[in-house]
Amino acid sequence: MSETLALVDYGAGNLRSVENALKAAGAQGVVVTADPSVVRAADRIVLPGVGAFKACVGALRGVSGLVEAMEERVLVGGAPFLGICVGMQLLADRGVEHGVTDGLGWIGGEVRAIEPADPTIKVPHMGWNDVAPMPHKGGAELLDAGEAYFLHSYHFVAEEGADVAAMSDHGGGIVAAVARDNILGVQFHPEKSQAYGLALLARFLEWKP
């Protein structure tokens, strides 16, 4: 029996590109959905996100029962979860873009503006950059060293170093991925990262945390 993968549609993600990349990586049961009952029954969950933290949080919480369904399936049920770009940032306790906004609070941290030490370094952080996996248990085994495509002006500052699964560099260290137990979040866009991104998605589809 094939698995169901819920690609969460809350009006704030690059859904078509992510869906196509998941299918190219081997996913068959991809369901683009905002239905809490579908999310609650899914075998795997992917949360994409583009735009501002505050707007994305508002859109996600604006779908009645959706956050509760994700928490039940991921935090209680243990379903493998992947957050992409702002979908990763939403895992944090809070973001400070356009005022302080509470995140999901699944992984301790704060999403802050990128402030490079070198003033010649441009923000947003846009384009290909290194992904350097960190010593880590749970989730980091999905990450290989390589290059991925980034596009963001805010970054995840983790409270615990143990939650940082990979780093990049853009005028200073930038968290490229966070992970805990059955939860993985990546700041880069796997769907725009060609062979590197598809290989990551393929490993996620086989992941049994």
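Residues numbered from 1 in each chain as written. Predicted model: local features only at pLDDT ≥ 70, side-chain atom pairs only at ≥ 80, totals over all residues. Heavy atoms only, no water.

**Student:** Describe the environment of Thr101, listing the residues and the values that go with them.
**Tutor:** With respect to the element layout, Thr101 can be found in strand E6 (residues 101-102). The spatial distance from the C-alpha of Thr101 to the C-alpha of Val111 is 9.7 Å, given a sequence separation of ten residues. Not counting residues up to four positions away in its chain, the partners in contact with Thr101 are Phe53, Lys54, Val57, Asp93, Arg94 and Gly95. (Helix = DSSP H or I, 4+ residues; strand = E, 2+ residues; numbered from the N terminus. Contact = heavy atoms within 4.5 Å.)

**Student:** How would you summarise the pairing of strand E12 (residues 173-180) if you had to cite specific residues and measurements?
**Tutor:** The element E12 is largely enclosed, with a buried count of six among its eight residues. Hairpin connection between strand E11 (residues 164-169) and E12: a loop of three residues separates the two successive antiparallel strands, and Gly171 in this loop has a positive phi of roughly 65°. In terms of strand pairing, E12 meets strand E13 (residues 183-186) through four bridges, oriented antiparallel. When the sheet's bridge partners are listed, Ala179 is paired in E13 with Leu184. (Buried < 20%, exposed > 50% of the residue type's maximum accessible area, 1.4 Å probe, protein only. Pairing = 2+ DSSP bridges.)

**Student:** Quick one: what's the story with the side chain of Arg73, residue by residue and with numbers?
**Tutor:** Along the chain, Arg73 turns up in helix H4 (residues 66-76). Setting aside anything within four residues of it in sequence, one finds Arg73 in contact with Val39, Arg40, Ala41, Ala42, Asp43, Ile45, Gly78 and Ala79.

**Student:** Now, about unusual backbone geometry: what can you tell me, with residues and values included?
**Tutor:** Cis geometry is found at the peptide bond from Val123 to Pro124, where omega equals 15°. In this structure, Pro124 sits in the loop between strand E7 (109-113) and strand E8 (125-133). Even without being a glycine, His98 presents a positive backbone phi close to 60°. Mapped onto the fold, His98 is located in the loop between strand E5 (94-95) and E6. Using a relative accessible area of 61% as the deciding quantity, one classes His98 as exposed. The residue Gln194 is not glycine, and still its phi comes out positive at about 55°. Note that Gln194 resides in helix H6 (residues 194-206). Accessibility expressed as a relative area gives 58% for Gln194, which makes it exposed.

**Student:** Residues and numbers for the state of the cysteines, please.
**Tutor:** All chains considered together, the criterion is met by zero disulfides. We note that Cys56 lacks a disulfide partner, and the nearest cysteine sulfur, in Cys85, lies 8.5 Å from it. The exposure class of Cys56 is buried, given its relative accessible area of 2%. Accessibility expressed as a relative area gives 4% for Cys85, which makes it buried. (Disulfide = S-S within 2.5 Å.)

**Student:** Quick one: what's the story with the packing of helix H1 (residues 15-24) against H6, residue by residue and with numbers?
**Tutor:** At their nearest, the axes of H1 and H6 sit 8 Å apart, and the two run at 70° to each other. Between H1 and H6, the angle is such that the two are roughly perpendicular. Between H1, through Ala21, Leu22 and Ala24, and H6, the contact on the second element is made entirely by Leu198, Leu201 and Leu205. Classifying every residue of the contact of H1 with H6 gives six nonpolar, no polar and no charged. (Axes fitted to C-alpha atoms, helices over the stretch in contact; angles between N-to-C directions. Parallel < 35°, antiparallel > 145°, perpendicular 65-115°, else oblique. Nonpolar A, V, L, I, M, F, W, Y, C, P; charged D, E, K, R; others polar.)

**Student:** With reference to specific residues and values, describe the pattern of salt bridges.
**Tutor:** Enumeration over the complete set of coordinates arrives at eight salt bridges. Here Arg40 and Glu72 are joined by a salt bridge, their closest N and O atoms 3.1 Å apart. Taken together, the residues Arg40 in helix H2 (residues 36-41) and Glu72 in helix H4 connect sequence positions 32 residues apart. Classification of Glu72 by relative accessible area gives partly exposed; the value is 39%. Glu110 is the salt-bridge partner of Arg94, the closest N and O atoms lying 3.3 Å from each other. Of this pair, Arg94 sits in strand E5 while Glu110 sits in strand E7, and the two are 16 residues apart along the sequence. For Glu110, a relative accessible area of 16% translates into the label buried. One salt-bridge network, in which partners are shared between bridges, spans Arg16, Glu19 and Lys23. (Salt bridge = Lys/Arg side-chain N within 4 Å of Asp/Glu carboxyl O.)

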